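Architecture at a glance
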Amino acid sequence: MPPQSMESGMTQLEDPQAVVIVDPYSTGCLVAQEILRRGYRLICLWTKGFSEEMKAHVPISCGKLTYDYVLEEKATHEQTKEAVLHTGLPIVGCLAGGEAGVDLADALSEALGVRTNGTAIPNRRDKKIQQELAKAAGLRSVRQAAGDELSQVEEFLRTEPYPIVLKPTESAGSDGVKLCHTYEEAVEHFHTLMQSQLVNGGECPAVLCQEFLRGKEYVVDHVSRDGVHKTTMVWVYDKRQANGSAFVYFGMLPVDSESEEARILIPYVRTVLDALEFKNGASHGEVMMTADGPCLVEMNCRAHGGDGNWRPLCRALTGGFSQVEGAVDALLDEEAFHRYPERPPSPFKAAGQEIILVSYSKGKVKGTPGYDVIRCLPSFVYLETGIKEGSYVDYTTDLVTGIGSAILMHEDPQVLQKDVDFIRYLEEINGFFTYETRLEALKRPRGDSYVMPSILEPKIIQYPFSSDGPNLVRHMSNDRPELRGGLIRRMTTVDASKEVVVVVDPYSTGCLVAEEIFKRGYKVIALWTDGFSEEMKKHIPLSCTSLTYHAEVTEPKTGLADTEKLVIKAAGTLRVVACIAGGEAGVDLADQLSERMNVRSNGTGIPNRRDKKIQQELIAAKGMRSIRQAAGTTFAEVEHFLRTESYPVVLKPTESAGSDGVKLCHDFNEAKEHFDVLMKSQLVNGGDCPAVLCQEFLRGKEYVVDHVSRDGVHKTSMVWVYDKRETNGAAFVYFGMIPVPSDSPEAKILIPYVRKVLDALEFKNGPSHGEVMMTPDGPCLVEMNCRAHGGDGNWRPLCRALTGGHSQVDSSVDAYLDKQAFLTLPSIPPSPFKAAGQEVILVSYARGIVKSTPGFDTIRTLPSFVYLETGVKPGTKVDYTIDLFTGIGSVILMHHDEAILKADVEQIRHLEKNNLLFEYEPALEQLRSPSHPGKAKHAHRRVFSSGRVDLY
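About the cut-offs
Residues numbered from 1 in each chain as written. Predicted model: local features only at pLDDT ≥ 70, side-chain atom pairs only at ≥ 80, totals over all residues. Heavy atoms only, no water. Helix = DSSP H or I, 4+ residues; strand = E, 2+ residues; numbered from the N terminus. Contact = heavy atoms within 4.5 Å. Areas by Shrake-Rupley, 256 points an atom, 1.4 Å probe, with all protein chains shown as cover. Axes fitted to C-alpha atoms, helices over the stretch in contact; angles between N-to-C directions. Parallel < 35°, antiparallel > 145°, perpendicular 65-115°, else oblique. Left-handed = near helix turned anticlockwise from the far one by under 90°. Nonpolar A, V, L, I, M, F, W, Y, C, P; charged D, E, K, R; others polar. Pairing = 2+ DSSP bridges. Salt bridge = Lys/Arg side-chain N within 4 Å of Asp/Glu carboxyl O. Buried < 20%, exposed > 50% of the residue type's maximum accessible area, 1.4 Å probe, protein only. Polar contact = N/O pair within 3.5 Å; in protein donor to acceptor, adjacent residues only side chain to side chain.

For the protein, the count of helices and strands is 26 helices and 40 strands. Within the protein, counting contacts between residues at least 6 apart in sequence, those at least 24 apart form 73% of the total. Surface summary for the protein: the accessible area is close to 36,500 Å², and the carbon and sulfur share equals 51%.

As structure tokens, this is what we get:
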């Protein structure tokens, strides 16, 4: 029959006797409390060097503990014994309250002549000694070596297959445990450990190097008296792959004592206890069920840790007892101990488990609504977490990034399972926390970046994809002849070789336009605007291989007339026949100079048509849907708008390229802060921010409509839609850019709208790149870029395949230099398309330092592969993709067979989801459960259910 409940032993002793508890922390405090409840007096004894932090580690369920005496370990065991006896209390027991107290408890109990495990094995908590004793008893044990000098373990580290586990020979929880993947990493961690202080206090005595055990991880808890062992619970850890980590702890589940695993594990662990000559007290054995049977990881000669949060669950599962009461009965109540069953009842009396909480997002916590929900679940018993308002949460990949644990228990297994499923659902939808807002990419990643000093200090924001410009890794397919366009020579004069075209700020796609001009026989002058960054001048697409400039000149500070003189001088005897913007920063100068030199121009009737505020005002004047907005160079000019407009609100420079400085602000204070940041910033193309534009946040599907124009005649070169999805805890992440058929309902609305925008802006000549949101009340301009579609023109081969031969690049040149060719262009792209294709924007579901990029090699072999651009290479630090800054690259795919394209897209998504794009450098891996006591990342909050009488 089960032992009496702990309440039955509450009578006060007539002649109070005392128990010494060494290092009572975590579950040891519950054991101490149980001893006090039995009427015994209590002496707390702290070992030398035990940390003050761990002395304060008292479980919430324990309440306030009051000791009769608090002593410190003396220089010798004899002196410590004398200090204990000096209290004058009759000592009837001495036990370890935590891992660090085991050795002293054994020595002192032996010296006091009370129930003991003795010192015949001088240091049974030494993990190396444990394995040697298990091996001597004929049990499966771990291959290992240990020492306090590298020479003592070097041979093992050089000959044992990797990975290898390194840890202190004496430690608690996951203290110092690391999985090392190379000899060099193992040597480094060896030296780190030998210079470290352990969580309980004191230095690392030696380092243990062990084989890495593969299998399912179990815990077997016992209480023992005079060599009789009784199993209080068997647990199994629920470990899964998550967030790019090979295994993450998801929970700890009780194992039925009649199960096949328990029938193997229990005898094995009892034999280990006998081999260690462990005869009295609580023990916590950790065992791996390997392919060739159970193998000891380590035996902890004290109670199961984790603050004893599992105690109410164990009492419900067993019908009234746990290891806590069992440890006290083993020490102080022989009759009660013998009433314990040999192992827990089967089946259990209730259903329950520990849920270890997993984060799939990151950010600074603003609120914890998910925890409030958990506390309302029918099966809720206990919640422990270090997360509170102001904490920074990261993706859970190991012990350090865990976000808490919950104990659940209910008589009805279906209720339990429903609650478990609901908690997992909360994790998946990132429902635990609300976060403070952060910079969000409202424009898709492109071959542009953003150099922005913070309020406090200069900082260059860099990210793996589309930030490094000349440092990007680019791969173009070389074995697909259909991607190589032939040399096009279309002459607008008798001899183009005597003519020159000025391209202002030719970078990204502008280089391809310049190259197309060059291929047609014209000379090209690169005119750089004043302040244009040297980095961006080097931003030349991989596919641009044959461009040579006739001359490169820089806009003088002395004005337009001197600029014209400089260009004419550079042209020499050549006649300037066109002046084109090669990038966003070159639009204004191209308009001014083309007008002055009397070549095809958009003119200066609208002095700054790339100003996003002006764009919105012009279309509003034409009665078109436009964005509510305000702009200014001082905060006073936008303050009223920011105080009255519904949040979130978009802030960005009035002139910018790509996502340069764009931020979604969720409250007034955040908007004011970003306004100040922008007005102190330098834009990616060079130069200061002229003014800040504050706009309503448009909700809907995002489209891009690209045109080429000549003398006010607009021809659509392509319509695109962005594939945006929720992932990695971010509201939306760009997954791709997909061409939209010109006869689709969306295109039939978008194309006329965008052409009206161009007319309102008096944009008559050249390429344009319009960004439009399809809102519930129709299309609304985000912004009109009066230059070619960016992204290095990587989409050009795809467009040529989709349309049957033309793209915005070559059509732009036609618009300026070949009237007949322009007239023959169709007004809209053909429908259906002549091929199938899209851009796939690559998404990371893991983080780490990249060792190699095997996934990129796989992508380049796909039948539809055209182009790959990425900033990721060996040595790059990759993070979870949640925005522009954490993007990892983009791929252009195209094939005439739509089924092949679809299969290739699915293959890429498979590589992403299974973290096969990259091989990472080995990182610190936690090999022990988060339920172990140790140093926490955050100060822990603990909440017990206060409305369940069945727990007490």
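We are not done yet, so read on.
We now examine the packing of helix 1 (residues 27-37) against helix 10 (residues 323-332). At a minimum axis distance of 9 Å, the contact between helix 1 and helix 10 shows a crossing angle of 55°. Considering their axes alone, helix 1 and helix 10 lie oblique with respect to each other. As for the relative orientation of helix 1 and helix 10, their crossing is right-handed in sense. Along the contact surface, helix 1 presents Thr27, Leu30, Val31, Glu34 and Ile35, while helix 10 presents Val324, Glu325, Val328 and Leu332. Looking at the contact of helix 1 with helix 10 residue by residue, the classes come out as 6 nonpolar, 1 polar and 2 charged.

Moving on, we come to the sheet that holds strand 17 (residues 392-393). Pairing is antiparallel in the open sheet, where 3 strands are placed in the order 17-15-19. Across the chains shown, the open sheet's two edge strands, defined by having one partner strand only, are strand 17 and strand 19 (434-435).

What follows is about the pattern of salt bridges. Within this structure, the stated rule accounts for 58 salt bridges. Between Asp329 and Arg38 there is a salt bridge, with its nearest N and O atoms 2.8 Å apart. Here Asp329 is found in helix 10, whereas its partner Arg38 is found in the loop between helix 1 and strand 2 (41-46), with 291 residues between them in sequence. Residues Glu499 and Arg575 are paired through a salt bridge, measuring 2.8 Å at the closest nitrogen-oxygen approach. Linking Glu499 in strand 21 (residues 499-504) with Arg575 in strand 24 (residues 575-581), this pair joins segments that are 76 residues apart in sequence.

What follows deals with the side chain of Arg225. Its place among the elements puts Arg225 in strand 9 (residues 216-225). Residue Arg225 is classed as buried on the basis of its relative accessible area, which comes to 7%. Contacts of Arg225, omitting those with residues within four sequence positions, involve Arg115, Lys279, Asn280, Asp329, Ala330, Leu331, Leu332, Asp333, Glu334 and Phe337.

Here we take up the side chain of Glu516. With respect to the secondary-structure elements, Glu516 resides in helix 14 (residues 509-519). A polar contact of 3.0 Å, which involves the side chain of Glu516, links it to the side chain of Arg520. Engagement of the side chain of Glu516 in a polar contact is seen with the side chain of Arg796, the distance being 2.9 Å.

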